[in-house]
Amino acid sequence: MDRKIRLGILGIGNMGAGHARSLLEGKCPELALTAVADCNEERLAWFANGTGRGIAVFDEGLEMLDSGLIEACIIAVPHYDHARYAMECMKRGIHVMVEKPAGVYTKQVRRMNEEARRHPEVVFGMMFNQRTNHIYRKMRELVQSGRYGKIRRTNWLITDWYRPQAYYNSGDWRATWSGEGGGVLLNQCPHQLDLWQWICGMPVKVQANMHFGQWHDIEVEDDVTAYVEYENGATGVFVTSTGDAHGTNRFEIQLDGAKMVAEGETLTVQEYAMWEPEFSAMNEMPFGNVQALEFVPETDGQNEQHVGVLNAWAGAMLRGTPLVAEGCEGIWGLTLSNAMHLSAFLGQAVELPIDEDLYYLELQKRVAVSRRKEKVTAVFADTAGTYAGNH
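Residues numbered from 1 in each chain as written. Predicted model: local features only at pLDDT ≥ 70, side-chain atom pairs only at ≥ 80, totals over all residues. Heavy atoms only, no water.

A.B. asks: Break down the overall build of the protein for me, with residues and values.
C.D. replies: Across its full length, the protein holds 14 helices and 15 strands. Here the C-alpha atoms of the protein give a radius of gyration of 22 Å, agreeing with the 21 Å that 2.2 N^0.38 yields for 391 residues. Referenced to the eigenvectors of the C-alpha coordinate spread, the extents of the protein come out at roughly 75 × 55 × 40 Å. Counting all 391 residues of the protein, 55% fall into the buried class. At a minimum sequence separation of 6, the contacts of the protein that also span at least 24 residues come to 71%. Within the structure as shown, the protein displays about 16900 Å² of accessible surface, and the carbon and sulfur contribution to it stands at 49%. Taken as two groups, the 36 positive and 51 negative side-chain charges of the protein have centres that lie 2 Å from each other. (Helix = DSSP H or I, 4+ residues; strand = E, 2+ residues; numbered from the N terminus. Rg over C-alpha atoms; globule rule 2.2 N^0.38 Å. Buried < 20%, exposed > 50% of the residue type's maximum accessible area, 1.4 Å probe, protein only. Contact = heavy atoms within 4.5 Å. Areas by Shrake-Rupley, 256 points an atom, 1.4 Å probe, with all protein chains shown as cover. Lys, Arg positive; Asp, Glu negative; His and termini not counted. Charge placed at Lys NZ, Arg CZ, Asp CG, Glu CD.)

Set out below in C-alpha cells:
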C-alpha cells in the first residue's frame, strides 16, 4: 500500500478549511487528514459535524501536536502565532507548512528559522502558492538567466485586493495592530512581496508612504506606495490598496535588453534588437529608440496553487524532492513589509537590513493603543498566544 503522511491542520478558518477540502477531495493523494485543531468552538463544531466527520478534533493546538495522530501540520492561524506553532512542531519532529505570512516581524521569524536549522529532519515549507503560477515562474527564469542583462526598473501595481467594510467587520482580529500586525501588506500582499524578491532580488533601500484607514474604518494600512533602490542602481515601485473597487494587477520589469509585463493571465515580452546601453552609445538620432519584437513566451501553462504546494511538500517528506518554497525563505518578503512599515512609521527611507529592534518597538507602540487591546499580552508573549484560524 502506498505510504501516506498523517496530517493535521491547526486553524480551520477560511484557509484551513480550504486545505481540508482539498485533502478530503483526494487532491493530495499522499496526504491523509487525521486531525484538526481550533479554539473557535463554532468552527470546530461546523467541521466535526460536516466535512470532517471521523477526523479527530482538538480545541487546543498543542494537544493535537502531542496526540501522536499526526506527523505533519499545516499552520493556518492568525499571523502572530505562525512562528510560535511552527517552532512547536519542529521541537516535536513534526513536518510543518506555514501559511503566509511567515510571521508579523522578522525577529520572530528569524527565531523560527534558527529553530528549523536545529531540526534538519523536519521538512519546513511556506505556502507561497503563487510561485506555482507559470507566468511568474517564466519571469524568474528569464530574469535569472541573464539573457536580457541587468534589471533597471521594477514596478508592481497590485490594487485588485478590494475589500468592503463588511470584510473587516467579520472578525475582531482583522485589520488591528494587535490582532493582525498590519493591513494590506501583511494580509493580502505577502505573495506579491515574495514574488517580487524571488524574481528581482532584494533592494537595499526602501521609502514608503502609506495611509492607515484611508478607505475603511480600520487602524492599519489600506493604501501603500513604496519606492526601492537596488544595489546595482535599479529602482522599483510597489503600489497596493484594498480600496480600489476595480483595481489592477500589473507587474513590469525593465531590463537592459527587454521589457516584461505580466497583467491578468498574460505575460508579454518586448525583446530589444540590441541592449539599450549599446543602442544609446551608438545611436545618432535625438529621438531614436531601439527596435523591439513583442511576443508571448511559451510556458508550461501550469498553475497548481495550494494543491501544488501541498503535493510538493508530500514529495519532499516521502522522497526528498524539492519544495515549492523552503520555509526559511518566508523572511524575505516579510523583510520588505517590515521595511515599508518602518519607513512609514519614521517618515524616512530605511536601509536593509532594517533595525529589527526598532521595528519591534514601533510596532509595540501601535499595539498598545490597538482596538483589540485584550490580546496584547498574548500576542507578545510568544509562549501563550490565542488563535481563531479565520484568515
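Now, onward.
A.B. asks: So what's going on with the nonpolar core? Residues and values would help.
C.D. replies: Counting residues in each nonpolar core, the largest one holds 89 residues, and the members touching the most others are Met 139, Trp 196, Phe 238, Phe 251 and Met 340. Top contributing element to this core by residue count: helix α12 (residues 330-346), with 8 residues. When sequence neighbours within four positions are dropped, the list of residues in contact with Phe 238 reads Trp 156, Ile 158, Leu 185, Cys 189, Gln 192, Leu 193, Trp 196, Val 224, Thr 225, Ala 226 and Met 340. In terms of nonpolar packing, the next biggest core, distinct from the first, is built from 25 residues, Leu 33, Leu 44, Phe 47 and Met 127 among them. (Core = buried A, V, L, I, M, F, W, Y, C linked by side-chain atoms within 4.5 Å.)

A.B. asks: An account of helix α1 (residues 14-24) is requested, with residue identities and associated values reported.
C.D. replies: Here α1 has its buried residues at Gly 16, Ala 17, His 19, Ala 20, Ser 22 and Leu 23. Looking at the buried residues of α1, the elements they touch are β1 (5-10), β2 (31-37), α2 (41-48), β4 (72-75) and α11 (305-319). Remark: Gly 26 follows α1 within two positions and exhibits a positive phi of approximately 80°.

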